[in-house]
Amino acid sequence: RAKQAGRDTFRFFTAQMNVEVLARLDLEKALRRAFENGEFVLHYQPKVALDSGCVAGLEALLRWERPGYGLIGPDMFIASLEETGLILKVGSWVIDEACRQIGQWLRSPVGPMQVSVNVAGRQLAEGDVDGDVIAALERHGVPPELLELELTESSLMVNTERTIKTLKDLKWHGVQISIDDFGTGYSSLAYLRRFPIDKLKIDIAFIREVTSNPDDAAIVQAILGMAHSLKLHVIAEGVETAAQLAFLKRNRCDQVQGYFFSRPLALPELEALLLNARQMQLPAPAILPYRK
Ligand code: C2E
Ligand code: MG
Ligand code: MG
Ligand code: MG
């Protein structure tokens with residue numbers, strides 16, 4: 001009976017695997033075509049400074065406007081872009097597109113806007129991130145201070161020497177560097193100090209229950225204390241409630257980002273927000289439409 005079950009399980013897995021392999025190949029093909037057809041777009045989520053209540057900057061987040069499917073979020077396709085190496089081309093495009101947008105705002109009533117861009121591990125390890133960034137800044141007439149790169153702890157673990165060189169070069173030009181999803185990796189702040197970092201983004205995992213779980217509250221307080229004594233700025237992501245906001249404000253977090261203020265927005269909604277509500281009043285949430 002065990003043998004029988006084993007054979008069935010084996011057969012089940014091969015059939016299942018074929019379906020998965022085919023689905024993966026379809027997705028790869030679709031992603032390649034999506035890039036060629038210009039179906040990728042950036043949405044932007046505001047970051048709010050806790051001292052002034054103003055929009056301190058934006059995070060650019062990739063979306064796929066897939067004909068017949070609607071808007072697809074990055075969790076559905078970033079891994080596939082990384083596996084296939086397509087992330088190198090798409091990542092360069094994201095950097096250029098963000099700089100183009102910053103440049104356009106700079107010469108419009110919106111004015112100077114700081115924008116952060118997510119950079120994948122593979123881009124850092126194999127791409128030419130500093131070359132891409134410097135070319136894009138020049139092409140669009142953007143001061144380097146207006147661009148920030150978000151890197152994860154794990155992406156700093158591969159090809160470390162090359163990454164340090166890349167980041168030092170960018171830092172020298174004035175580009176800001178932040179660590180995304182901080183606290184979920186295995187690196188200590190002592191290790192991260194080898195990299196020229198300006199800012200930590202505390203992962204949503206610690207923010208979710210920060211007002212109800214004393215361990216999470218202690219972790220967030222410890223991160224804030226350590227980061228500030230190392231002169232790093234701190235932003236909390238995934239802030240959804242007034243109680244989370246109050247906790248972060250009380251503990252001197254510098255910036256917050258999350259649905260409490262705004263979801264990531266397409267350009268028309270975002271520009272309306274930037275022009276009409278430059279001063280996001282704390283603690284009232286901005287009630288904004290969102291399409292996903
Ligand atoms: P991330 O960089 O940590 O971005 C934050 C994610 O949290 C975004 O998801 C954002 O929409 C979501 N978020 C923001 N506020 C809240 C909140 O209050 N509650 C909850 N539950 N979620 C919130 P999104 O846009 O789906 O992006 C997911 C991840 O995909 C990003 O995580 C980032 O790792 C990756 N990603 C997005 N755009 C790019 C890109 O251009 N390049 C690369 N390499 N990765 C990207
Ligand atoms: Mg990010
Ligand atoms: Mg994050
Ligand atoms: Mg993330």
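One can find the structure itself at the top, above this paragraph.
Read on for an overview of the structure.

About the thresholds
- Residues numbered from 1 in each chain as written.
- Chains lettered and ligands numbered in written order.
- Predicted model: local features only at pLDDT ≥ 70, side-chain atom pairs only at ≥ 80, totals over all residues.
- Heavy atoms only, no water.
- Donors = N, O, S within 2.8 Å, 3.2 Å for Na, K, Ca; no water.
- Helix = DSSP H or I, 4+ residues; strand = E, 2+ residues; numbered from the N terminus.
- Buried < 20%, exposed > 50% of the residue type's maximum accessible area, 1.4 Å probe, protein only.
- Phe/Tyr/Trp six-rings, centres within 6.5 Å; stacked < 30°, edge-to-face > 60°.
- Lys NZ or Arg CZ within 6 Å of the ring centre and 35° of its normal.
- Core = buried A, V, L, I, M, F, W, Y, C linked by side-chain atoms within 4.5 Å.
- Contact = heavy atoms within 4.5 Å.
- Expected span 1.5 Å × (residues − 1).
- Arc of directions from axis to C-beta.

1. Thoughts on the coordination of the magnesium ion (ligand 3)
Link 1 in the chain: Around the magnesium ion (ligand 3), the protein contributes the donor atoms Asp180 (OD), Asp181 (OD), Glu237 (OE) and Glu237 (OE), at 2.1 to 2.4 Å from the metal centre.
Link 2 in the chain: Here the magnesium ion (ligand 2) and the magnesium ion (ligand 3) are spaced 4.0 Å from one another, each receiving a donor from Asp180. Of this pair, Asp180 sits in strand β6 (residues 176-182) while Glu237 sits in strand β8 (residues 233-237); the two residues are 57 residues apart in sequence, bridging distant segments of the chain. With respect to burial, Asp180 and Glu237 carry one shared label: buried.

2. A few points about the packing of aromatic side chains
Link 1 in the chain: Summed over all chains, the structure comprises six aromatic pairs.
Link 2 in the chain: In textbook terms, an aromatic cluster arises when at least three aromatic residues are bridged by ring pairs, as seen for Phe40, Trp64 and Phe77.
Link 3 in the chain: The ring of Tyr69 is capped by Arg66, whose NZ or CZ atom sits 3.9 Å from the centre of that ring.
Link 4 in the chain: If you follow Arg263 out to its NZ or CZ, it ends over the ring of Tyr259, 3.9 Å from the centre.

3. Focus on the nonpolar core
Link 1 in the chain: Grouped together as the largest cluster of nonpolar side chains are 78 residues, with contacts concentrated most on Leu58, Val133, Leu149, Leu200, Val220, Leu248 and Val256.
Link 2 in the chain: Among the elements that line this core, the one with the most residues is helix α3 (residues 87-106), at eight residues.
Link 3 in the chain: For Val220, the residues in contact, after removing those within four places along its chain, are Ile202, Phe206, Ile207, Val210, Phe247 and Leu248.

4. Digging into helix α9 (residues 214-229)
Link 1 in the chain: When the terminal C-alpha atoms of α9 are compared, their 22 Å separation across 16 residues agrees well with the 22 Å that a helix rising 1.5 Å per residue should span.
Link 2 in the chain: Restricting attention to buried positions, one finds in α9 the residues Asp216, Ala217, Val220, Ile223, Leu224 and Ala227. One side of α9 carries all its buried residues, which in axial view fall inside an arc of 130°. Residues of α9 that are exposed and angled more than 90 degrees away from the buried face: Pro214, Asp215 and Ser229.

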